[in-house]
Amino acid sequence: MGKILTIHGGVPLKGTVRVGGAKNLVPKAMVAALLGDSPSVLRNVPEIKDVAVVRSLLEIHGVKVDQDPETGDLTMDPTQVKTASNQAIDAHAGDSRIPILFCGPLIHSLGEAFIPDLGGCRIGDRPIDFHLEVLRDFGAIVDKATDGIRISAPNGLTGAKLELQYPSVGTTEQVLLSAVRARGVTEVSNAAIEPEILDLISLLQKMGAIISVHRDRVIRIQGVEKLSGFDHSALPDRNEAASWASAALVTKGDIFVQDATQRDLTAFLHVYRQIGGEFEVKADGIRFYHPGGDLNPLILETDVHPGFMTDWQQPLVVALTQAKGVSVIHETVYENRFGFTDALVRMGSTVQVHTDCLGSTPCRFGQRNFKHSAVVVGPAKLTGADIDVPDLRGGFSHLIAALAAEGTSKVTGIEIINRGYEHFMEKLQALGANVELSN
């Protein structure tokens with residue numbers, strides 16, 4: 001049995017929290033260390049489960065990983081990289097989807113890679129077929145087995161001209177990590193251009209990669225024979241920053257998010273102010289607060305960067321349950337991201353989910369019977385409830401709903417939140433939340 005978080009709601013969150021390095025960059029940066037012929041140093045590393053999983057995967061592949069006990073900086077030495085046993089790799093199956101990104105670097109170093117069944121948050125299909133197709137385009141041979149997938153390239157990887165069906169972050173990362181040491185030139189169009197992708201490109205350039213980003217989502221990579229290690233500080237986690245911002249709004253609080261950056265939160269800040277939240281940009285972070293009065297309903301559609309990010313949607317939906325009027329949210333990135341609203345309804349909110357596309361943004365899910373649009377009517381009087389965390393962002397959303405609700409809530413499955421929120425219990429307590437953790 002996991003631990004139970006007991007939340008006594010009705011207390012505005014006030015104070016300061018610091019966001020760490022981005023969850024959507026740091027594990028991928030750790031994988032990139034496999035590409036170098038000398039040690040790499042990664043700074044601003046958050047203490048989250050995904051980092052621990054990738055560290056273990058690196059170590060079973062012979063990478064020596066040391067962590068500075070004071071700064072948390074990681075030093076990763078890949079000079080003794082080796083093939084790991086299927087059993088050792090399989091021990092991490094279900095913990096993370098990061099293993100699929102090991103393929104390109106391991107093929108460059110060892111000629112092959114084994115990928116177990118993959119886990120991750122249950123928010124949509126998120127198939128790995130895109131990754132496998134990209135690897136085939138580079139010349140890899142993909143053999144599927146009952147326990148996972150073996151990928152090999154006896155003749156090495158060769159650059160290719162690729163056009164992604166969808167600007168997938170994970171597939172773009174696969175292209176980058178595979179192409180930098182492939183023979184020849186790789187050009188990928190309709191690529192993802194999220195801040196975390198650009199930060200990964202900056203890191204790879206430090207290693208000696210030749211990469212250029214062009215207009216219309218085109219990235220070109222000139223493969224090189226070898227790369228050296230890097231020294232890189234990860235960009236701050238914009239998703240954690242947006243989550244604390246929503247927490248301030250939902251609980252009628254006032255939170256200063258240290259190290260939050262305006263540039264990477266532009267779309268979120270625009271919507272935040274539309275709803276009625278306020279923020280103050282400072283040199284070392286952003287203050288988010290509820291200025292008083294009613295919150296405003298709105299029509300919102302998620303999209304790939306530079307649009308409104310899907311990871312921002314769930315915490316913000318909780319804020320919209322407190323807005324005066326009808327809000328409409330159209331989710332276009334993940335098809336099953338509204339499952340978390342069941343708990344909000346049990347807590348007293350009015351949320352209806354629909355299979356129709358309630359928006360104008362082109363959507364892959366409209367004809368596939370997925371409930372990917374939501375109508376929220378507020379303001380709702382939230383009351384405490386027993387909740388089981390469904391996924392990372394949905395789980396944090398449940399927490400802030402419970403923090404705003406009258407009465408007591410008991411939350412299970414909080415281990416999932418550790419995947420992406422560093423020291424979240426300590427941060428809640430620092431903000432004045434009335435919470436208790438028990439077995």
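In the annotation of an unreviewed UniProt entry, the entry for the protein reads UDP-N-acetylglucosamine 1-carboxyvinyltransferase, and the organism field reads Glutamicibacter nicotianae. UniProt, in its Subcellular location (unreviewed entry) section for the protein, records the words "Cytoplasm". The record held by UniProt for the protein lists under Pathway (unreviewed entry) the comment "Cell wall biogenesis; peptidoglycan biosynthesis."

Trainee: Talk me through the packing of aromatic side chains; I want residue IDs and the actual numbers.
Mentor: Applying the stated rule across the entire model yields 9 aromatic pairs. Where F308 meets W312, the ring centres are 5.3 Å apart and the plane angle is 80 degrees; that geometry is what we call edge-to-face. For F308, a relative accessible area of 5% translates into the label buried. When the ring of F396 is compared with that of Y421, the centres are 4.4 Å apart and the planes differ by 15 degrees; the resulting orientation is stacked. Placement of F396 in helix α12 (residues 392-404) and of Y421 in the loop between β22 (408-412) and α13 (424-430) is noted, with a sequence separation of 25 residues between them. For the pair shown, F396 and Y421 are each scored as buried. Connected via pairs of aromatic rings, a cluster forms that spans F268, Y272, F288, F308 and W312.

Trainee: Can you break down the pattern of salt bridges residue by residue, with the values?
Mentor: In total, this model carries 23 salt bridges according to the counting rule given. Among the salt bridges present, the one from R136 reaches E133, with a minimum N-O distance of 3.7 Å. Note that R136 and E133 are positioned in helix α5 (residues 129-137) at a spacing of 3 residues, about one turn of the helix. Exposure remark for R136: the relative accessible area of 36% places this residue in the partly exposed category. Of the charged contacts, one joins D311 and R337 as a salt bridge, the two residues approaching to 2.7 Å between their closest N and O atoms. Highlighted residues: D311 in helix α10 (residues 310-320) and R337 in the loop between β18 (325-330) and α11 (341-346), separated in sequence by 26 residues. Comparing D311 with R337 shows no difference in burial state: the two are buried. Here the salt bridges do not stand alone but share partners, grouping K23, D50 and R419 into one network.

Trainee: So what about the sheet that holds strand β7 (residues 141-145)? Which residues, and what values?
Mentor: As summarised here, the arrangement of the 3 strands in space is β6-β8-β7, forming an open sheet in which the pairing is antiparallel. Edge positions in the sheet fall to β6 (112-116) and β7, since each has one partner strand and no second. If you compare each strand with its neighbour and ignore which way they point, the axes differ by 15 degrees on average. Bridge analysis of β7 against strand β8 (residues 148-152) gives 5 bridges, and the strand direction is antiparallel. Opposite V142, over in β8, you have I151 as the bridge partner. Contacts between helix α4 (residues 103-110) and the sheet are confined to β6 and β8, with β6 contributing the most and set at about 145 degrees to the helix. This element, α5, spans β7 and β8 of the sheet and lies at about 145 degrees to β7.

Trainee: Now, about the packing of helix α6 (residues 169-179) against helix α7 (residues 195-207): what can you tell me, with residues and values included?
Mentor: Remark: α6 packs on α7, axes separated minimally by 11 Å, with the N-to-C direction vectors making an angle of 10 degrees. Relative to α7, the element α6 lies roughly parallel. When α6 is examined against α7, the residues V169, T172, E173 and L176 are found in contact with a partner set consisting of I197, L200, I201 and L204. Of the residues in the contact of α6 with α7, the class split is 6 nonpolar, 1 polar and 1 charged.

Trainee: Can you lay out the nonpolar core for me, pointing to particular residues and giving the numbers?
Mentor: The biggest cluster of nonpolar side chains holds 70 residues, and the ones touching the most others in it are W244, F268 and F288. Top element by residues in this core is helix α8 (residues 238-250). It accounts for 8 residues. Residues in contact with F268, not counting those within four places in the same chain, are A242, A245, S246, F288, F308, W312 and L316.

Trainee: Lay out the UniProt feature "binding site: phosphoenolpyruvate" (unreviewed entry) in the protein with the relevant residues and their values.
Mentor: When the UniProt feature table is mapped onto this chain, "binding site: phosphoenolpyruvate" (unreviewed entry) is found at K23 and N24. Relative to the assigned elements, K23 resides in the loop between β2 (14-18) and α1 (26-32). With relative accessibility at 10%, the residue K23 sits in the buried group. Apart from residues no more than four positions distant in its own chain, K23 is found in contact with I48, D50, D237, L392, R393, R419 and G420. Of the residues examined, N24 reaches a relative accessible area of 17% and is grouped as buried. N24 has contacts with E173, E196, N239, M309 and D311, leaving out every residue within four places of it along the chain.

Trainee: Run through the sheet that holds strand β17 (residues 299-301), naming residues and quoting values.
Mentor: Strand pairing within a sheet occurs via backbone hydrogen bonds; the two strands may be parallel or antiparallel. On the basis of which strands lie adjacent, the open sheet formed by 4 strands has the order β17-β18-β20-β19 and mixed pairing. The sheet is open, and its two edges are formed by β17 and β19 (350-354), each paired on a single side. Neighbour-to-neighbour, the strand axes of this sheet turn through a mean angle of 15 degrees, independent of strand direction. Here 5 bridges tie β19 to strand β20 (residues 373-378), and the two strands are oriented antiparallel to one another. Residue pairing for β20: T350 is matched across the bridge by V377. Sitting on the sheet, α10 is in contact with β17, β18 and β20, with an inclination near 170 degrees to β18.

Trainee: Residues and numbers for unusual backbone geometry, please.
Mentor: Of the consecutive residues H305 and P306, the connecting peptide bond is found in the cis state with omega at 15 degrees. With respect to the secondary-structure elements, P306 resides in the loop between β17 and α10. At the junction of G378 and P379, the peptide bond is cis and its omega measures out at 5 degrees in the coordinates. Among the structural elements, P379 can be located in the loop between β20 and β21 (386-388). The backbone phi angle of D216 is positive, close to 60 degrees, even though this residue is not glycine.

Conventions and cut-offs
- Residues numbered from 1 in each chain as written.
- Predicted model: local features only at pLDDT ≥ 70, side-chain atom pairs only at ≥ 80, totals over all residues.
- Heavy atoms only, no water.
- UniProt positions renumbered as here; feature names shortened; annotations may be inferred.
- Phe/Tyr/Trp six-rings, centres within 6.5 Å; stacked < 30°, edge-to-face > 60°.
- Buried < 20%, exposed > 50% of the residue type's maximum accessible area, 1.4 Å probe, protein only.
- Helix = DSSP H or I, 4+ residues; strand = E, 2+ residues; numbered from the N terminus.
- Salt bridge = Lys/Arg side-chain N within 4 Å of Asp/Glu carboxyl O.
- Pairing = 2+ DSSP bridges.
- Axes fitted to C-alpha atoms, helices over the stretch in contact; angles between N-to-C directions.
- Contact = heavy atoms within 4.5 Å.
- Parallel < 35°, antiparallel > 145°, perpendicular 65-115°, else oblique.
- Nonpolar A, V, L, I, M, F, W, Y, C, P; charged D, E, K, R; others polar.
- Core = buried A, V, L, I, M, F, W, Y, C linked by side-chain atoms within 4.5 Å.

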